[in-house]
Structure formats: structure tokens, C-alpha cells
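The chain contents come next:
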Amino acid sequence: MDDHLLDWLTTLDEDRLARVLTGRPDAIAAPWPRRLDTLARRLGDDFAVMEVMRGLPLPPLEILQACLVIGERATADELARFLGVTTAEVVPWLDGLYDRALAWPGRDGRLHLAPAVARWWAAPCGLGEPLASYLESWTVNAEALRRMSRALGLPAQGGRRQLLARVTAVLTDADRVSALLRDAPDGTVSLLDEFAWDGPVRGVDGNRFVTPGTPEQWAVDRGLIFRPQWDIAEMPREVALALRGPDYRAPFTPEPPDLGTVPADAEAVDHAMCLAAPHAVDRAAALLENTDKTPLPLLKSGGVGVREVRRVVKETGCTEEETRLLLEVCAVARLLAWDDAAGGLVPTKRFDAWRLEDAPARLRVLLAAWWRMERTSLRRTAGRYATVLDDDPAGETVARIRRAVLATLATLPEDAAVASVPELVQAVHWRAPLLDRALLADCCPAVLDEARLLGLVASDGLTALGRALAALGSAVAAGDEQDESAPQIERDPALVEASVHALAGAQRTALFGADLTAVVTGPPAAELAGLLDRAADRESQGVASVWRFSAASVRRALDAGYSAESLLEDLRAAGTIPQPLAYLVKDVARRYGEVTVTTVGCIIQGSDPALLAEIAAHRRLSRLGLRLLAPTVLAGAAPADRTLAALRDAGYAPVPVDDTGEIAVRREPQGGRLILLPGGRVAELEEPPPFIADPPPDPREHAKRLVRTTDEQRQAGQTWAVIGRLATRLPTAQQSLLGFVVDRGVRALITLSDGLTATVSHGELRRGVLDAWCEEAGDYLEFPLADIASVTSG
């Protein structure tokens, strides 16, 4: 915990502390802190600080780097001078850093930074380690300091502290360094400029540093360069600043780069959204139904092979891009999963629920999955797509890039679109500079292509659907495909409204022709497309979609449960039915069932006809659906294992046989649905619990409570003394564990004398009770110490 941070927090009033908690909601997540010192530990957590920094635009990151360079003398005025701007220009960005507890002012006005900030940049502003870290290193002894002092023209007498002060005074003074370079060998200035401007750490030829008369040896002798390894040399921060000169100003870019735009027809953008959104829902359903018929196998190395992708493209009529994108989206949405028994990817139970939802809800499920997906389906590497559903090493970064691209597009007016992808990449980099620039440039076109297929982007500008999704920001943790907070996205009011609008223009009627075709002039509604897919074969799609009816397609609809009357009734609801189509349906229905095929679950054979007749007439076995095919042969509707168990329960002694007639012992099949993970890994699929959104923590309420709470300092040993005196039911070892719950916030399971159990952590001792966070209750509760019967590690 940073004492400076805690000291600053104690000076904040309720309003100012509420701003900090608003900027850092992670700090008040359950179990919420009850004291400022606990809050300070959360705010200073290295991982949390770095996560916040990833969401910052360029200006505050430039300020943080400048503060690292200035060091302990950093104040708002000194920072503004170093950046070459006025203090008024810096203050708003500093306030944003204060609100996130990445920086804060001390009582003397100096700026303090969270420790994790320094760990992010090894070379802030392209500058190396401070000079003191080199001079005070164990590799630089007193004799080396004397030699350096003589080379700099300084007195060599005195103690180490005096020598350090003299050398530091010279090497941090730009005028004295410039005077020193007047007598340098040829090539020294250009050598030092490379270190000062192009990087503090560089690979070198170690031999030149031990050869008399070279610029390298001259610079090392005077402390301008240090060589920690034979072929590596580094320049201290202060020396580089002195070489850059007193007029050097650190980079500061408070204004985003100009993002070139072109006019966009709002009506055309809206029309494109209304075409793409229902088409995405329709194609997703087609892909899932195709995998229901033919499971999609995985490669041994993981992912779906190109041959399988092309097969699905051919069978569903989807494009390759649609197939790649929607397969991965459906896998993330858990609509598609690995089935061990089927040996491939098949729709899950969630698909059954998904297709019963209305079309806007189905669309939102797809969008929520794409928003947190850790792959770019349409990114090409060396001219080739990656394997579908394979691992992506940059998965988390890819998710962040997707959100940053949409957030940048959301800054454009509704009647404007981005002029070029390179300009968009530059603008996104300003908003999220910690993203890998090369990966950003590589992924940006693919993100736009994917968003275009989902109806989020049209003409390189956001649609209403895209703006609603971009406004969600980081509602789901980036790079976490399994995050269960996805329903927060699916139920977002703005996204619900946009999805309803996007699908409002879907066609719910078709034009039926006498040539047994059905034409839908526009994007078909999911219900209409499903009806036509069941009763006809899709021949083309695009601005208009065409289906053709045939005897085989009508028979497929009858297999699905339609009768001639019910099928014609549904078709009439979608348009006027011509006479040839009605004749076709009725003729196929008339011939339907002329020949029947019965499924037999198992065959029972025996040598005694009387015994088999007895079994067939047995009342307790009626549920098996037994039918006498021959005197010594029974056919059963139930599978063999179930029939075997029922016969044995009825007092018979049957044995199972295999296909060759040999007696066999069969094991229970090990099936079950599994979740597909990247690289072909799988995990058990559990039914999601009902989603009940927890109300977000109220920063002002927590700020009021923290300001009101007095931080009671415990004397050393007080925890153990109180527990030892009052928790008399516990043995010594369990008393120690309970002490860790109080002093270190560890997690433990306690059992009370009445048998109740609770999982507790973050405890405090108050008036003979343990006041601790209870996971089962989701709140802080009080447990009398005298009633705690046992404590075990949680």
C-alpha cells in the first residue's frame, strides 16, 4: 500500500472521493472496502492500475511518462513547463488521472504516481534509467568514480558521496555537457545523439569500448554511457536530457488527429443495416441447422478445417466470410458446442431456446458474442484466413481493438463515414495508444468487414445498431469469451430499441409463382425464412431471395410434422398460393405414408415361443412397446439397455448380445454436451443460471460511508489476544487461521455452534464479534466469537 495515496485519500471530501470511486469501480466491487487503507490497497493494485491504463487515451499517458522523467520534483507547473504548455491545459488531464487514482497531489503540491505506472515504461519518453541507478551500482566503486572525476576535469579527492555529487552536477547540466563535447573525438557527438534520441539501450561492438581513442571509450570514461554487458550500452536519463538541450519538450497531444470523413446518406446507412441484420440472423440459423444434420468435425490440431468450411458454404448458401464469422460467433454464444457422441460441433440446448426467441433477441445474442469474441474471423495473415475456431495468441488485444474501433467510429456525426482505414487506425491509436500498432493496422479492416456483415457498419460509418453497441464500452471484460455478464448487453435498452428497428423492415411475405418458386424482395424475416427453408430449397439470395418447391422439399416439411392443410395455411399467411403449388402439396401429402418404416429399439430372441408370448403379454413390460414378429422374435421400441433392465426387474434373466450374436457386456455411453474452447479444447456445458443483474455499486454511497468511518488502529498482538480470550471453542491452530481472516483478509469456512456454516473473509473484531464478509449473504455480517465452533481453510 502506498502511504502517499492513503494520505491523499484522507484529505478528500465526500464529493471528491465519490469521483475517485466512479473512475475506479473495481475498487468498490464486493466485498467492498470498509476503511480507507483497504481502499488504498485496491486502488494501488498493480493489475488493476494497468487495466485502467489500457483504457486511457494518449494525453494522460504522455503526462504519466513526463512525470516519470521529472521524478520527485514533478508539480503541475513543472509538468506544464516540461510539456511546453500552460498549466491550465494540463490540469483537466491531471484531474482525470486523479479521478482514477493513477496520480495524486501531495500536501506540498508534488505529484505522486501509482507504483505500477513506472513498471509499464522501461524508457519513458525514450529515456533510460536515472543517473543515480548507474553511479550507485555496485559495479561503480570509489576508484571508478575518481577516474571518472579526473576524466571530467573534477577533483578526485573526497568520499564517495562528494564524488557522486560532483559527477552528477556535471552530467545533469546541459551547458557543461556541451562544453565537454567540444574536446570529444570525431564521431562522439553523432554516437551520443543516437543514444539520446533513438533509444537509451543499444547494441554495440564491445571491442570499441576498450580501444583507446574511440568515441565509445571516451564517452564511457566520462559517464556519458554505461556498458552493463559486453555488447549492450545504455545512456542515463539525465545525460540524454542534457544532450537534447534546454529547449526540449516532451510530446503532448491533447487533440486527436484529424479523421478524414466523407458524407454518408443516413437513409442508405439505415437501409443497409435493415438488410444486413436480418440476413445475419437468418444465416446463423441456417448454419446451426446444418450442423444439426451434419456435425462439424474438428482438426486434430484444433479448429475447423477449410474443407469443412467449404462444405458448409455449399450446403447453406452462405458466403465463406459469413460462415467463418458466424461459426465463431455461435461458438462464443454457446449456441454451437462439441458433442462427444456425435464427434463434432452440434447445436446446444441454448440453440433450442434461441430460435424460440423473437428475431431482435436472437440478433442481440449474436452481437453480444461478437463484442467479447477473442478472434478476428476475417483477418488475413500472409494472404490467408486463420483456421476457424483456432487459438489466437493476441485474443485479448483483438477484443480491445474491436471496441476501440467502434468507439472511434462513434465520435463521427451520423451523416459522416471515415474516409480511409489508415486515418481510422491513426485515430484509434490516439484513443488506445497501448494497443499494438501493427496488430491494430492488421485487424482494423477485418473488424470493419465483420461489423458490416452484422449490420453494425455501413459505408464505413456506424449504423444505429453499431452506435448502441459502441456505447456499451467495456460492459464485458475484454478478452473474456466466457463472461457471464453478457446478458447485460443483450438487455441494454438502447440496443434493444436499435435491434427492433433493424429487423422491423424484414419481409414477412413472399411472391409465390406458378413455376413453384417463392421470391422475397428484401431481407426475409427469420420466421418466413424458416418456413420456406423447411418446405422449399433456397436457390439464391441477395437483394431478393428465391426458393423453389419440389416433391422432395414438400416431403421434408411433412417429415417435420406439417400436414397438407397446416403447410398450405402457413404459406397462405405469407402470400397468395398459386394452383400448381397447392396441387403439389396435396399430391405429395396423398402419397405420403404409402410405405412405412418402423424404428426398432432392440430385438428379443428366444428358443421358447411360450416364454416370448408371456413376455409380450406381461403388463409390467407394456411400456417397452413389445411386438411379436415371429414365434421366437420380439421387437421392442425401447433401446436394448433399457429393455434388458426392465426384463430383469420383471424376474427374467436375459443377456445382451452383440451384432454377431456373441454375449457382450456393454458399458453406459459417456456422452454429453461440451463447450468448445479455442484450440479444440472442451469443457462441460452447464445450463446457465437465471440472470439476475446485481445493481451497480453506488460510488456516492460508498464515499459517504468511507468518510464517516474512523480508521481504528489495532495494537500489535491485539487480534490474537482477543481471539484467544473469546473464541474458546477453537483449538490453537484454528484460532490462528481466524486471526489471518482478520489481519490478512484470507478466506475461511466457519461453523457456528448451531451448525450453520459461512464462508468469510475481510474480517474485523468488534465487541466480541467477528464482523466479516459472508459470501453466502453477499454482505458483511457479525458472528459472535464464542459461537464459532470450527474454522477451516476456504
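Residues numbered from 1 in each chain as written. Predicted model: local features only at pLDDT ≥ 70, side-chain atom pairs only at ≥ 80, totals over all residues. Heavy atoms only, no water.

### Details of the sheet that holds strand β5 (residues 232-234)
Within a beta sheet, neighbouring strands are joined by backbone hydrogen bonds and run either parallel or antiparallel to one another. For clarity, the threshold we go by: Pairing between two strands is assigned when DSSP locates at least 2 bridges connecting them. Elements are defined by DSSP. Helices are runs of H or I of four residues or more, strands are runs of E of two residues or more, and each kind is numbered from the N terminus. Here an axis means a line fitted to C-alpha atoms, over the contact stretch when the element is a helix, while the angle between two N-to-C directions is reported on a 0 to 180 degree scale.
Read from one edge of the open sheet, three strands run β3-β5-β4, paired in antiparallel fashion. Here the strands that pair on one side only, and so sit at the sheet edges, are β3 (201-203) and β4 (226-229). Along the sheet, successive strands turn relative to each other by an average axial angle of 35°, direction set aside.

### Overview of helix α29 (residues 564-574)
Defined as follows: Burial classification: accessible surface area is computed with a 1.4 Å probe over protein chains only, and a residue below 20% of its type maximum counts as buried, one above 50% as exposed, and the rest as partly exposed. The directions from the helix axis to the C-beta atoms are what the arc is built from. Any two residues having at least one pair of non-hydrogen atoms within 4.5 Å are treated as being in contact.
When α29 is considered as a whole, its buried residues turn out to be Ala564, Leu567, Leu568, Leu571 and Ala574. The buried side chains of α29 occupy one side of the element, clustering within an arc of 115° when seen end-on. Turned more than 90 degrees from where α29 packs its buried face, Glu565, Glu569 and Ala573 sit exposed. Along its buried surface, α29 packs onto β14 (511-512), α27 (526-535), α28 (551-559) and α30 (579-591).

### A short note on the packing of aromatic side chains
Each aromatic ring pair is summarised here by two numbers: the centre-to-centre distance and the angle between the ring planes. Basically, it comes down to this: Centre distance within 6.5 Å is the pairing criterion for rings of Phe, Tyr and Trp, where only the six-membered ring of Trp is used; planes under 30 degrees apart are then read as stacked, over 60 as edge-to-face, and the remainder as tilted.
All told, the structure shown has 12 aromatic pairs when counted by the stated rule. For the pair Trp32 and Trp773, a centre-to-centre distance of 4.9 Å together with 80° between the ring planes defines the contact as edge-to-face. Taken together, the positions of Trp32 in the loop between α2 (14-23) and α3 (36-43) and Trp773 in strand β25 (residues 769-774) put the pair 741 residues apart, joining distant regions of the chain. The class of Trp773 is buried, set by a relative accessible area of 6%. Between Phe82 and Tyr248, the ring centres sit 6.0 Å apart and the planes meet at 65°, which makes this aromatic pair edge-to-face. Of this pair, Phe82 sits in helix α6 (residues 76-83) while Tyr248 sits in the loop between α15 (237-244) and β6 (261-263), placing them 166 residues apart in sequence. Taken individually, Phe82 and Tyr248 each receive the classification buried, so the pair is uniform in this respect.

### A look at the sheet that holds strand β18 (residues 602-605)
Read across the sheet, three strands follow the order β18-β20-β19 without closing on themselves; strand pairing throughout is antiparallel. Sheet topology places β18 and β19 (627-630) at the edges, where each strand pairs with a single neighbour. Neighbour to neighbour, the strand axes of the sheet diverge by 35° on average, direction disregarded. Sheet topology note: the β18/strand β20 (residues 633-636) ladder contains four bridges and is antiparallel. Following the sheet pairing, Gln605 is matched in β20 by Val633.

### Section: the pairing of β20
Here is the key point about a regular strand: its side chains alternate between the two faces of the sheet. Residues Val633 and Ala635 line one face of β20 and the alternating positions Leu634 and Gly636 line the opposite face, and both faces are buried. Linking β19 to β20, which pair antiparallel, is a turn of two residues.

All quantities given are derived from atomic positions and should not be read as evidence of function.
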